[in-house]
Number of protein chains: 2
Amino acid sequence: MQKTKEQAETAHQYLEDISKKMESVFDRHLPPETEIPQNLHKAMRYSMFAGGKRLRPALVTAAFDMFGGKGDSVWYAASALEMFHTFSLIHDDLPCIDNDDFRRGKPTAHKQFGEGTAVLAGDALCILAFELMAKTGNAKAIEILARHLGTYGMIGGEITDIESEGKTVTIEMVDYIHYHKTAALIEASLIVGARLAGANETDLSVIQKFGRTIGLAFQVVDDILDIISTTEALGKDAGSDIEKKKATYPSVIGLEASREKAQALYRESIQVLDTLPQNTDILRAIAAFIITRVN
Amino acid sequence: MQKTKEQAETAHQYLEDISKKMESVFDRHLPPETEIPQNLHKAMRYSMFAGGKRLRPALVTAAFDMFGGKGDSVWYAASALEMFHTFSLIHDDLPCIDNDDFRRGKPTAHKQFGEGTAVLAGDALCILAFELMAKTGNAKAIEILARHLGTYGMIGGEITDIESEGKTVTIEMVDYIHYHKTAALIEASLIVGARLAGANETDLSVIQKFGRTIGLAFQVVDDILDIISTTEALGKDAGSDIEKKKATYPSVIGLEASREKAQALYRESIQVLDTLPQNTDILRAIAAFIITRVN
């Protein structure tokens, strides 16, 4: 337990460093507010600079470094992965989807800029993210990433999430939703970083399994925090899953069993890393962070 | 004039052939309705199979063939370009943007499936289109295409279009909107086809200029048809530009001057083609079709 706390601290430091670095990377990659269409560029920057853990960029760089990646192309990918994440949040928050007014303690994009602008700002971030990915020159990474984002990945999870609201669901259905809505992009972040570093197929399949496991753990912890944390700590409405009758781990198996599930996934993710010869310290630390985080 | 009519007939035949071919290509590239998430896959197919001229796929294949392209990768690109177009139509039709109930004579996606599903179906088509583009293996083509789609291209035109509604605008602003909202994707279709065929930089810059010119002509003709045609012929609400106080060519320079502008753009596009040594018959025919079309 002491070791887990130390590792979480290591991850915290790593995420802080990457976050700081990403601020200037985003600023370089995002169009300036002074250029036409100004209002849209403003909305894109508003959502991208609203804070957040920058977990996905950190997973891209951690996997890239671990497999001995060289060169600057990783920053295009790190930036792109956060843009895909932000695009999904902007659209999910829309009145016609989750109808959320706050995100990271600030009004959501559509509350701040209007719905039409929010739809187009999300679209623009998704497109810009693909443009940045294209600058890596790695078409295969783009293909795999797109697969993780589309109807067999993140978007598939989002639509099933809203279609399941208020319904009685099985734990298998919750797994489907959580894997697709959250774990797919976390898994993709690691795969993209590893691919850009030139990792071989065996390593890629191990890193994919690790991503899938911690991605699911991340969402189970999210479900738990929605119940036990406060709106202030989360920066978004606590208790909103219950209010919206969302399909979550606690709603199907209860809070205590959900905590055990998160711990089991954590242990599984570490066992997966044990099979790799590379230095996996940062990934172990990030897994510990994911399981111990409070917001 | 007789020659223009004959050419328009040639283009009509070419578009019909491509349309027929694309039906089976789309069917192969789109996820089946029987797979989860079924409702989303249904919405994507509904919008993709709602008809339309399939102009963008035809421009991809025409440019590809003209520059001696070989292989099947062109069909990924042809499919992708129509998906990007459909994605933009689905989002533009949303109540928070243009609020249109009909498209190609059928209820728009959000009228048929609800707003949340329409937003995500648009997102999914955009993502799938990038996945298909990635399968061509040409990262540079993806980068240039994304640039034409984002805030410096199509999305930039869309946001400026809605922000200009009801305002007094200059002809320069109408040019900005029309170029970005419509011509950018038409230009991109030709560039992608030419790039996949291995066209050189000089040829690419000529084909880009042709695309820009016929793209603008296409939108000027669209403006004119919105005034002189019927809802039945168009498959969408005629007269809606005036109702929404859209920034259009006729609203700024009048109907007759708009007709002259369209003809001038047509002549310019043909002059651009005259500088190419390749067989440009199909592109000339498509230009004639664009200028003489009635819906």
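Residues numbered from 1 in each chain as written. Chains lettered and ligands numbered in written order. Predicted model: local features only at pLDDT ≥ 70, side-chain atom pairs only at ≥ 80, totals over all residues.

Undergrad: In this structure, what is going on with the overall build of chain A? I would like to understand it.
TA: Each helix and strand in chain A was counted, giving 15 helices and two strands. Against the globule reference of 19 Å for 295 residues, chain A gives a C-alpha radius of gyration of 18 Å, in line with a compact fold. Dimensions of chain A along its principal axes, counting C-alpha atoms only, are 50 × 45 × 35 Å. The buried share of chain A, taken over its 295 residues, is 55%. (Helix = DSSP H or I, 4+ residues; strand = E, 2+ residues; numbered from the N terminus. Rg over C-alpha atoms; globule rule 2.2 N^0.38 Å. Buried ≥ 20, exposed ≤ 12 C-beta atoms within 10 Å, placed from the backbone.)

Undergrad: Where do I start with helix 2 (residues 38–48) of chain A in this structure?
TA: Among all positions in helix 2 of chain A, only L40(A), H41(A), A43(A), M44(A), S47(A) and M48(A) are buried. All buried residues of helix 2 of chain A fall inside an arc of 160° around its axis, so they share one side. Contact partners of the buried residues in helix 2 of chain A: helix 1 (2–29), helix 4 (73–93), helix 5 (109–113) and helix 6 (115–135) of chain A together with helix 8 (154–163) of chain B. (Arc of directions from axis to C-beta. Contact = placed C-beta atoms within 7 Å.)

Undergrad: So what exactly am I meant to see when it comes to the packing of helix 9 (residues 171–196) of chain B against helix 10 (residues 201–228) of chain B here?
TA: Describing two packed helices takes the angle between their axes plus the distance from one axis to the other. Residues and elements named next belong to chain B. Between helix 9 and helix 10, the least distance of the axes is 8 Å, while the angle of their chain directions is 145°. Handedness of the helix 9/helix 10 crossing: right-handed. For the pair helix 9 and helix 10, the contacting residues are H178, Y179, T182, A183, I186, E187, L190, I191, A194 and R195 in the first and D203, L204, I207, Q208, F210, G211, R212, I214, G215, L216, F218 and Q219 in the second. Residue composition of the contact of helix 9 with helix 10, by class: 12 nonpolar, six polar and four charged. (Axes fitted to C-alpha atoms, helices over the stretch in contact; angles between N-to-C directions. Left-handed = near helix turned anticlockwise from the far one by under 90°. Nonpolar A, V, L, I, M, F, W, Y, C, P; charged D, E, K, R; others polar.)

Undergrad: What's the story with the interface of chain A and chain B in this structure? I'm lost.
TA: By a widespread convention, an interface's size corresponds to the accessible area lost as its parts come together. Taken together, the contact between chain A and chain B spans 41 residues of the former and 41 residues of the latter. Secondary structure elements with two or more residues in the side of chain A that touches chain B: helix 2, helix 6, helix 7 (139–149) and helix 8 (154–163) of chain A. When residues in the side of chain A that touches chain B are grouped by element, the largest group, 14 residues, is from helix 6 of chain A. Tallied by class, residues from the side of chain A that touches chain B come to 22 nonpolar, 11 polar and eight charged.

Undergrad: Mind showing me how you'd approach the environment of F84(B) here?
TA: All names here are of chain B. Structurally, F84 can be placed in helix 4 (residues 73–93). It is 26 Å that separates the C-alpha atoms of F84 and V272, two residues lying 188 residues apart in sequence. Excluding residues that lie within four positions of it along the chain, F84 makes contacts with C126, A129, L149 and L185.

Undergrad: Mind showing me how you'd approach the relation of the copies chain A and chain B here?
TA: Put simply, the two copies of the chain differ by a rotation about an axis and a shift along that axis. For these two chains of identical sequence, chain A goes onto chain B by a turn of 180° and a shift of 0.0 Å along the axis, with RMSD 0.0 Å. Interpreted geometrically, this transformation is the action of a two-fold axis. Among all residues of chain A, the one whose C-alpha sits closest to the rotation axis is A139(A), at a distance of 2.7 Å. With an isologous cut-off of 70% or more, the 100% of interface residues of chain A that recur at the interface of chain B puts this contact in the isologous class. (Least-squares fit on C-alpha atoms with pLDDT ≥ 70 in both.)

Undergrad: Would you mind going over the environment of E232(A) with me for this structure?
TA: Residue and element names in this part refer to chain A. Position of E232 relative to the elements: it lies in helix 11 (residues 231–234). Classification of E232 as exposed rests on a count of 9 C-beta atoms within 10 Å. Counting along the chain gives 127 residues from E232 to G105, while the straight-line C-alpha distance between them is 7.4 Å.

Undergrad: Sorry, what's going on with helix 9 of chain B here?
TA: Counting along an α-helix, one turn takes 3.6 residues, and residues three or four places apart therefore face a common direction. All names here are of chain B. With 26 residues, helix 9 ought to run about 38 Å at 1.5 Å a step, and its terminal C-alpha atoms sit 35 Å apart, in line with that. In helix 9, a bend of some 50° at A183 exceeds every other bend along the element. Helix 9 sits mainly inside the fold: 21 of its 26 residues count as buried. (Expected span 1.5 Å × (residues − 1). Bend = angle between axes of the 7 residues up to and from the residue.)

Undergrad: Even after reading the chapter, I still don't get unusual backbone geometry, so can you show me in this structure?
TA: For residues besides glycine, phi is generally negative; the peptide bonds are generally trans as well. All names here are of chain A. The omega angle of the peptide bond from I36 to P37 is -5°, so this bond is cis rather than trans. Within the secondary structure, P37 is located in the loop between helix 1 and helix 2. Of note in the backbone geometry, R104 takes a positive phi value of approximately 55° without being a glycine. The topology assignment puts R104 in the loop between strand 1 (102–103) and strand 2 (106–107).

Undergrad: What should I look at first to understand the environment of V272(B) in this one?
TA: Note on placement: V272(B) falls in helix 14 (residues 255–274). Among all residues touching V272(B), those that are not within four sequence positions of it are V206(B), K209(B), F210(B) and T213(B).

Undergrad: I tried to follow the packing of helix 1 of chain A against helix 15 (residues 281–292) of chain A on my own but got confused; where do I start?
TA: Residues and elements named next belong to chain A. One way to put it is that helix 1 packs onto helix 15 with a least axis distance of 7 Å and a crossing angle of 105°. With respect to their mutual orientation, helix 1 and helix 15 come out roughly perpendicular. Residues T4, K5, Q7, A8, T10, A11, H12 and Y14 of helix 1 form the contact with helix 15, whose own contacting residues are I282, R284, A285, I286, A288, F289 and T292. By residue class, the composition of the contact of helix 1 with helix 15 is eight nonpolar, five polar and two charged. (Parallel < 35°, antiparallel > 145°, perpendicular 65-115°, else oblique.)

Undergrad: Would you take a moment to explain the confidence of the model for chain A for this structure?
TA: Close inspection of predicted coordinates is inappropriate for parts of the model with low pLDDT. When pLDDT is averaged across chain A, the result is 95; 100% of the residues are at 70 or more. In the model output, the complex is listed with pTM 0.97 alongside ipTM 0.97. (pLDDT = per-residue confidence, 0-100.)

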